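# Coordinate analysis (summary)
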Amino acid sequence: MIEVRDLWHIYEGKKEALRGVSLTFGNEIIALVGPNGSGKTTLAKHLNGLLKPTKGEVIVDGMDTRKHSVAELARVVGYVFQNPEHMFFEENVFREVAFGPKNLGLSEEEIEERVKWALREVNLEGYEDRSPYSLSGGEKQRLAIACILAMRPKYLILDEPTTGLDEKNAESIKKIIRKLYREGHGILLITHEMDLVLELAERAVLLYQGKKVFDGDVKEFFELDLRKYDLDRPRLLTISEEIGLGFFRSVKEFVKALEMRT
Amino acid sequence: MMYTLYIERDSLLNRLDPRVKTIGSLFGIIALILFNSPILLSLLFLLIVLTLVILGKITIGEIFNVLKPLIPISIVAMIIWPFILKPWYFGLFIGFGYGIRLLSVALLTLGLIMTTPQRDLILGFIKMGMPYEIGLTLTIALRYIPTLYMLAQTIMDAQKSRGLELERGNFIQRAKNTVPILIPLIVASIKTAHELSIALESRAFGASKRRTFLHNIKMEVKDYIALGITFALFFLAVYARYFLGVGYIKLF
């Protein structure tokens, strides 16, 4: 369980980025949404201790983030950054994924076993000897997830995991996220893409100007007037509402309902 | 985070043409090298400080702040002299002069940067004959310092999230710890540079030999007066040193 209690964060010499946010989450897929500068990334960086609270506290499975290093928290909270290339530095995929477990001080066999497992989770088996930089955009994103997974964190933070990917690659990332959730991970998605929220998340948390303005079921979330927060409503919902069919999570479901009706 | 030393202030030094200021700093540095008398060097140092404070509206505190990192070096320069020159107090006296000279040279350069926006400074260099390409390279380099700094921060955060502990271990271990930061940083920098060159070319950079400038600088009456004063002071210094023999102590 990750507990955020009345969290404030003020960057040096700047105005408040977070103003009293409280949040609790466990094994669920939760979408953290909000316009640029609303404090999403600032909040997420508190969850694995990259940032320390100016006021308030963050407790990760009983650990106060102020008293534990990022390296210690990394065993529990994995953070996949937006641009995978910002983390690749090894000559091949195997070593790249092994970097995290090595930092945790695991044995050779344990590391090898974890790397194999992580690559399997993201469908990158057979890529061990490739250079991380030689992979395609979608593969890079999957490799970034594997690098974090290999540390076996209970919670995963994914920053814009499908941005810039084509439909097919985005789809495979979504599949991976669903699988990881079923396997017991708590997943926090930071995203602008409302389609992704609609399809994957059970719960949405909306930040606006450093404050939490909504926290609840995704269905209710899409009943809000999102334009007020510079966010778009998914096309799918607009269309299905227009023809009076109600709430759908994916195009597939929508089409099925449409076929039933005709 | 401070990326530039320039201080926006409405002062005479700020309004002066960058070319005059550059020439002034250069002449000042040459004059400082002419003399080695600690008394005269102290007076020159005081003159530079007073110029910056009175004409540049820069506070003593701001001057101290930019000089602070150089104080250890100037102290080293000072304490080395007693080992070379005997008796030791004479060496220390001369060393003091050298320490002050070092700070003065630094302050002249820093003063120029503190009172001139980067853009004007580089434009001044170009107008004085520096090739435009080099000017642009300089501008871009300065422009990308904050960008690269932010990028390095992001990369550090990403690697810390993978359990990298930068402060851990001995000297060699720490040097090794920078590899996961440096490689992504270098790769991203090269990519950015490549994209930038494409962007420049697609905007027809280099299509015409003669360039015009959107933002131009012009010498005004006050600039000519200041230039005149600069030259007069410089020749006074040369005259004093070589014809009157003032301010130079023969050491060996």
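On a predicted model such as this, the values are computed, not experimentally measured, just so you know. (Residues numbered from 1 in each chain as written. Chains lettered and ligands numbered in written order. Predicted model: local features only at pLDDT ≥ 70, side-chain atom pairs only at ≥ 80, totals over all residues. Heavy atoms only, no water.)

So, about a negative patch on the surface. Together, Asp166(A), Glu167(A), Glu193(A) and Asp195(A) make up a region of like negative charge exposed at the surface. Inspection of the secondary structure puts Glu167(A) in helix α6 (residues 167-182). (Patch = residues over 30% accessible without salt bridge, like charges linked within 9 Å, V, L, I, M, F, W, Y side chains within 5 Å. Areas by Shrake-Rupley, 256 points an atom, 1.4 Å probe, with all protein chains shown as cover. Salt bridge = Lys/Arg side-chain N within 4 Å of Asp/Glu carboxyl O. Lys, Arg positive; Asp, Glu negative; His and termini not counted. Charge placed at Lys NZ, Arg CZ, Asp CG, Glu CD. Helix = DSSP H or I, 4+ residues; strand = E, 2+ residues; numbered from the N terminus.)

With that out of the way, let us pick up the confidence of the model for chain B. Across chain B, the average pLDDT comes to 90, with 99% of residues at or above 70. Here the predicted complex carries an ipTM of 0.90, next to a pTM of 0.79. (pLDDT = per-residue confidence, 0-100.)

Residue and element names in this part refer to chain A. Locating Glu-28 in the fold gives a position in the loop between β2 (16-25) and β3 (29-33). Of the residues examined, Glu-28 reaches a relative accessible area of 14% and is grouped as buried. A polar contact is formed between the side chain of Glu-28 and the side chain of Arg-203, at a distance of 2.9 Å. Discounting residues that sit within four places of it in the chain, Glu-28 has contacts with Tyr-181, His-185, Gly-186, Ile-187, Glu-202 and Arg-203. (Buried < 20%, exposed > 50% of the residue type's maximum accessible area, 1.4 Å probe, protein only. Polar contact = N/O pair within 3.5 Å; in protein donor to acceptor, adjacent residues only side chain to side chain. Contact = heavy atoms within 4.5 Å.)

A few words on the nonpolar core. Across soluble globular proteins, nonpolar side chains show a tendency to be buried alongside one another. Residues Leu43(A), Leu47(A), Val97(A), Leu143(A), Val197(A), Phe221(A) and Phe222(A) are the most contacted members of the largest nonpolar core, which totals 89 residues. Sorting elements by how many residues they give to this core places helix α5 (residues 137-149) of chain A first, with 7 residues. In contact with Leu143(A), not counting residues within four places along its chain, are Phe88(A), Val93(A), Val97(A), Leu119(A), Leu124(A), Pro132(A) and Leu135(A). Grouped together as the second largest cluster of nonpolar side chains are 28 residues, Leu32(B), Leu41(B), Val49(B) and Ile58(B) included. (Core = buried A, V, L, I, M, F, W, Y, C linked by side-chain atoms within 4.5 Å.)

Two aromatic rings, taken as a pair, are described by how far apart their centres are and by the angle between their planes. A complete count under the given rule lists 17 aromatic pairs over all chains for this structure. Arranged with centres 5.1 Å apart and planes meeting at 75°, the rings of Tyr208(A) and Tyr229(A) form a pair that is edge-to-face. With Tyr208(A) in strand β9 (residues 203-208) and Tyr229(A) in the loop between α8 (218-221) and α9 (235-242), this pair connects stretches of sequence that are 21 residues apart. Geometrically, the ring pair formed by Trp88(B) and Tyr89(B) is edge-to-face, given 5.8 Å between the ring centres and 80° between the ring planes. Accessibility classification places Trp88(B) together with Tyr89(B) in one group, the exposed group. Ring-pair connections join several aromatic residues into one group, and the members of that group are Phe27(B), Phe231(B), Phe234(B) and Phe235(B). If you follow Arg241(B) out to its NZ or CZ, it ends over the ring of Tyr242(B), 4.6 Å from the centre. The lysine or arginine in question, Arg241(B), covers the ring of Tyr248(B), its NZ or CZ lying 4.2 Å from the ring centre. (Phe/Tyr/Trp six-rings, centres within 6.5 Å; stacked < 30°, edge-to-face > 60°. Lys NZ or Arg CZ within 6 Å of the ring centre and 35° of its normal.)

The subject of this paragraph is the interface of chain B and chain A. Contacts between the two partners involve 18 residues from chain B, matched on the other side by 22 residues from chain A. Around 1800 Å² of area is buried between chain B and chain A when both sides are counted, 62% of it from carbon and sulfur atoms. Among the residues of chain B in contact with chain A, Asp157(B), Ser161(B) and Arg162(B) are the three that bury the most area, contributing 39% of the side total. Inspection of the chain B/chain A interface yields 3 salt bridges. Of the charged contacts, one joins Asp157(B) and Lys45(A) as a salt bridge, the two residues approaching to 3.2 Å between their closest N and O atoms. For the pair chain B and chain A, the interface holds 7 residue pairs in polar contact (both at pLDDT 80 or more). For the side of chain B that touches chain A, the secondary-structure elements that each account for two or more residues are α8 (132-160) and α10 (179-202) of chain B. Top contributing element to the side of chain B that touches chain A by residue count: α8(B), with 7 residues. (Buried area = accessible area lost by both parts, 1.4 Å probe.)

Quick look at the packing of helix α4 (residues 108-121) of chain A against α5(A) now. All names here are of chain A. Across the interface, α4 lies against α5 with an axial gap of 9 Å and an inter-helix angle of 140°. What the angle tells us is that α4 and α5 run oblique. Crossing handedness for the pair α4 and α5: right-handed. Judged by residue contacts, Trp-117, Ala-118, Leu-119 and Glu-121 of α4 engage Leu-143, Ala-146 and Leu-149 from α5. Here the residues of the contact of α4 with α5 are counted per class, giving 6 nonpolar, no polar and 1 charged. (Axes fitted to C-alpha atoms, helices over the stretch in contact; angles between N-to-C directions. Parallel < 35°, antiparallel > 145°, perpendicular 65-115°, else oblique. Left-handed = near helix turned anticlockwise from the far one by under 90°. Nonpolar A, V, L, I, M, F, W, Y, C, P; charged D, E, K, R; others polar.)

The next thing to look at is helix α1 (residues 40-47) of chain A. Residues and elements named next belong to chain A. The element α1 is largely enclosed, with a buried count of 7 among its 8 residues. Taken as a whole, α1 has its buried residues at Lys-40, Thr-42, Leu-43, Ala-44, Lys-45, His-46 and Leu-47. Gly-49 sits one or two residues past α1 and shows a positive phi near 85°.

Let us look at the environment of Leu164(B). Note that Leu164(B) resides in the loop between α8 and α9 (171-177). On the basis of relative accessibility, which here comes to 4%, the residue Leu164(B) falls in the buried class. Linking Leu164(B) and Asn177(B), residues 13 residues apart in sequence, is a C-alpha distance of 7.5 Å. Not counting the four nearest positions on each side in its chain, Leu164(B) is found in contact with Phe99(A), Asn103(A), Gln159(B), Asn177(B), Pro180(B) and Ile181(B).

Counting all residues, the mean pLDDT for chain A is 92, and 100% of those residues have values of 70 or more. Taken element by element, chain A is modelled with least confidence in helix α10 (residues 251-261) of chain A, mean pLDDT 85, and with most confidence in strand β6 (residues 77-80) of chain A, mean pLDDT 96.

What follows deals with the sheet that holds β3(A). Residues and elements named next belong to chain A. On the basis of which strands lie adjacent, the open sheet formed by 6 strands has the order β6-β7-β8-β3-β9-β10 and mixed pairing. Among the strands making up the open sheet, the edge pair consists of β6 and β10 (211-217). Each adjacent strand pair in this sheet contributes to an overall mean axis angle of 15°, direction not counted. Bridge count between β6 and strand β7 (residues 155-159): 4 bridges; the pairing is parallel. Within β7, the residue paired with Val-77 across the bridge is Tyr-155. Here α6 sits on the sheet and contacts β3, β7 and β8 (186-190); the angle it forms with β8, its principal contact strand, is near 150°. (Pairing = 2+ DSSP bridges.)

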